[in-house]
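Tertiary structure, described
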Amino acid sequence: MVPFLDLKKQYKEIEGEIFSAVKRVFEKCRFILGEEVSAFEEEFARYCNVQYGVGVDSGTDALYLALKAVGVGEGDEVITVAHTFISTALAISFTGAKPIFVDIDPTTYTMDPYALEHFIKSREAKGKRRRMKAILPVHLYGHSAEMDAIMEIANRYHLPVIEDACQAHGAMYQGKKVGSFGLLGCFSFYPTKNLGGYGDGGVVVTKSKKLYETLRLLRCYGERKKYHHFIKGGNHRLDEIQAAMLRIKLRYLDRWNEGRREKAQIYKKMLEGSKVICPLERELSQHVYHLFVIRTKKRNALQTFLKKKGIETLIHYPIPIHLQKAYKDLGYQRGDLPLTERSAQEVLSLPFSQGITESEIEEVAHQIRCFFELPALPSQQAGGRQGRQY
Ligand SMILES: Cc1ncc(COP(=O)(O)O)c(C=O)c1O
């Protein structure tokens, strides 16, 4: 068996520290918006090289509150991509606005800046420019979107950028952390993420004091002072216990991301010449491999084959958002986003984490080669899997 992800391994590495952090919270008996949340917000903002962080209850709400903070609401449009987790679009819908999808660059699976510009121009030509309120690129699988081009277009058309960095903690573009390019950057701490909690959680980071203050009101009943409500905010707070545990894990994030990068290189090396397309790391980007996603036209057959061999894989994501039943009302048709749709048919996420072993990677690569009827890896030919240097 090669599991898709083994969270226990990582937990065991830090078990003692996690328990002391939880104990610290219990000893203070302050469970909501205490010192741990404030300290984590500061530490995570510093990690992203921005001034402010606001801890919230999930990545979905991080996006929703970020959109609300820049004033997106009923009747507005937000430009994003359809090759992403559904939350990206749901967060837009929750504000009353409409998600509009542009196609992706199929080499990185992120927003294609040409498609973005083309769309904005076509909207302008139809006199519908004013409905567009924001751009929401997604740093998918751990690889940044092309932020210089996206920011240039956004600035030219005076549109705020909100980054969905839920899959890309620590990823960089031109040496700068994702989440620090736009007005606001949104992260999820869902347990499987590169920085994952032990439950739900999220954060919005920003350089703007004004947005920071608005976000703090939005996440906690619009309250500035106990029982004084300035706006209609909700309950979207990050838990004190989650924050305490995330503070521990944040200290390991760079090391773990480095581990992911090393394991990704091993995969790439072992999959050389295997007929699958491996993830690309663009020259200007530093990938953090939240997922290791390969691509092949024979995706479904390969997935079935690997399952029979005890290898767990997943598809991120099998149905693009514009073709989901939940978004039928938007009126998109198959063929509207050809590169997105093709990606959805061809991508396959292999077992992956910083803790995956070389022999597990070798087993996956070996079985992929078997599927394509390719010669075995040299180490397999020699009859053993030990001692190979990749
Ligand atoms: C790209 C993307 N956006 C948003 C989210 C939503 O995050 P959460 O699950 O914390 O609500 C996720 C998480 O799965 C995600 O992968």
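1. Considering the overall build of the chain
When you go through the chain residue by residue, the secondary structure sums to 13 helices and 16 strands. Reported as C-alpha extents along the three principal axes, the dimensions of the chain are approximately 70 × 60 × 35 Å. With 390 residues in all, the chain has 57% of them scored as buried. Of the roughly 17,500 Å² of accessible surface on the chain, 51% is carried by carbon and sulfur atoms. Distance between charge centroids for the chain: 3 Å, based on 57 positive and 46 negative side chains.

2. Remarks on the pattern of salt bridges
Per the stated rule, a full pass over the model turns up 22 salt bridges. Lys12 is paired through a salt bridge with Glu15; the nearest N and O atoms lie 3.4 Å apart. Taken together, the residues span about one helical turn, with Lys12 and Glu15 both in helix 1 (residues 7-28) at a distance of three residues. Residue classification places Lys12 among the partly exposed positions, given a relative accessible area of 47%. The exposure class assigned to Glu15 is partly exposed, which follows from its relative accessible area of 28%. The salt bridge involving Asp105 is made with Arg282; its shortest N-O contact spans 2.7 Å. Taken as a pair, Asp105 in strand 4 (residues 104-105) and Arg282 in the loop between helix 9 (253-270) and strand 14 (285-286) lie far apart in primary sequence, 177 residues in all. Three or more residues joined by partner-sharing salt bridges are found here, namely Arg24, Glu36, Glu43 and Arg247.

3. A few points about the sheet that holds strand 14
Overall, antiparallel pairing links the three strands, which are arranged 9-8-14 in an open sheet. At either margin of the open sheet sits one strand with a lone partner, and together these are strand 9 (176-177) and strand 14. In this sheet, strand 14 lies alongside strand 8 (residues 172-173) in antiparallel orientation, the contact comprising two bridges. Directly across from Met172, in strand 14, lies its bridge partner Gln286.

4. Remarks on a nonpolar patch on the surface
A cluster of nonpolar side chains, namely Phe26, Phe31 and Ile32, defines an oily patch on the protein surface of about 280 Å² accessible area. Looking at the element boundaries, Phe26 is found in helix 1. According to the relative accessible area criterion, Phe26 is partly exposed, its value standing at 47%.

5. With respect to the confidence of the model for the chain
Averaged over the chain, the pLDDT score is 95; the fraction of residues at 70 or greater is 97%. With pLDDT under 50 throughout, residues 384-390 is counted as low confidence; its partners more than four residues away or in other chains account for 14 contacts.

6. Some remarks on the layout of surface pockets
Volume-wise, the largest pocket comes out at about 540 Å³. Taken together, 29 residues line the largest pocket, and the ones lying closest to its centre are Tyr190, Thr192, Lys193, His290 and Tyr317. Listing elements by their share of the lining of the largest pocket, those giving two or more residues are helix 3 (59-69) and helix 4 (87-94). Among the elements that line the lining of the largest pocket, the one with the most residues is helix 3, at three residues. Grouping the amino acids of the lining of the largest pocket by side-chain chemistry returns 13 nonpolar, twelve polar and four charged.

7. Concerning the environment of Glu35
Inspection of the secondary structure assignment puts Glu35 in helix 2 (residues 35-47). On the accessibility criterion, Glu35 (55% relative accessible area) is exposed. Residues in contact with Glu35, not counting those within four places in the same chain, are Lys28 and Glu240.

8. A short note on helix 4
Of all the positions in helix 4, only Ser87, Thr88, Ala89, Ala91 and Ile92 are classed as buried. Next to the buried residues of helix 4 lie helix 3, strand 2 (77-81), strand 3 (98-102) and strand 7 (162-164). Phi turns positive, to about 100°, at Gly96, one or two residues after helix 4.

About the criteria used
- Counting restarts for each chain: residues are numbered from 1 in the order of the written sequence.
- Given that this is a predicted model, residues contribute local features only at a pLDDT of at least 70 and side-chain atom pairs are listed and counted only at 80 or more, while totals for whole chains, interfaces and linings are drawn from all residues.
- Side-chain descriptors were evaluated using all non-hydrogen atoms of the structure, hydrogens and water having been removed beforehand.
- Helix and strand assignments follow DSSP, with helices taken as H or I runs no shorter than four residues and strands as E runs no shorter than two, numbered in order from the N terminus.
- Only protein chains enter the calculation, and the probe is 1.4 Å; a residue is then buried if its accessible area is under 20% of its type maximum, exposed if over 50%, and partly exposed in between.
- Every accessible area reported is derived by Shrake-Rupley at a probe size of 1.4 Å, with residue values counting cover from the shown protein chains alone.
- Lys and Arg are tallied as positive, Asp and Glu as negative. Neither His nor the chain termini are counted.
- Charge positions are represented by NZ for Lys, CZ for Arg, CG for Asp and CD for Glu.
- Basic side-chain nitrogens of Lys or Arg form a salt bridge, by our definition, when they fall within 4 Å of a carboxyl oxygen of Asp or Glu.
- For two strands to be treated as a pair, DSSP must find no fewer than two bridges joining them.
- Residues enter a patch when their relative accessible area is above 30% and they make no salt bridge; the linking distance is 9 Å between like charges and 5 Å between nonpolar side chains (Val, Leu, Ile, Met, Phe, Trp, Tyr).
- Confidence of the predictor in every single residue is expressed as pLDDT, which spans 0 to 100.
- In what follows, residue pairs with any heavy atoms lying within 4.5 Å of each other are defined as contacts.
- Detection works on a 1 Å grid of protein atoms alone, calling trapped sets that fit a 1.4 Å probe cavities and calling open sets with protein on both sides within 12 Å along at least five of seven lines pockets, with lining residues defined by an atom within 4 Å of a point.
- Grid points are joined across faces, edges and corners, and a volume is the space filled by probe spheres set on the points.
- We call Asp, Glu, Lys and Arg charged. Ala, Val, Leu, Ile, Met, Phe, Trp, Tyr, Cys and Pro are nonpolar, and the rest, Gly among them, are polar.

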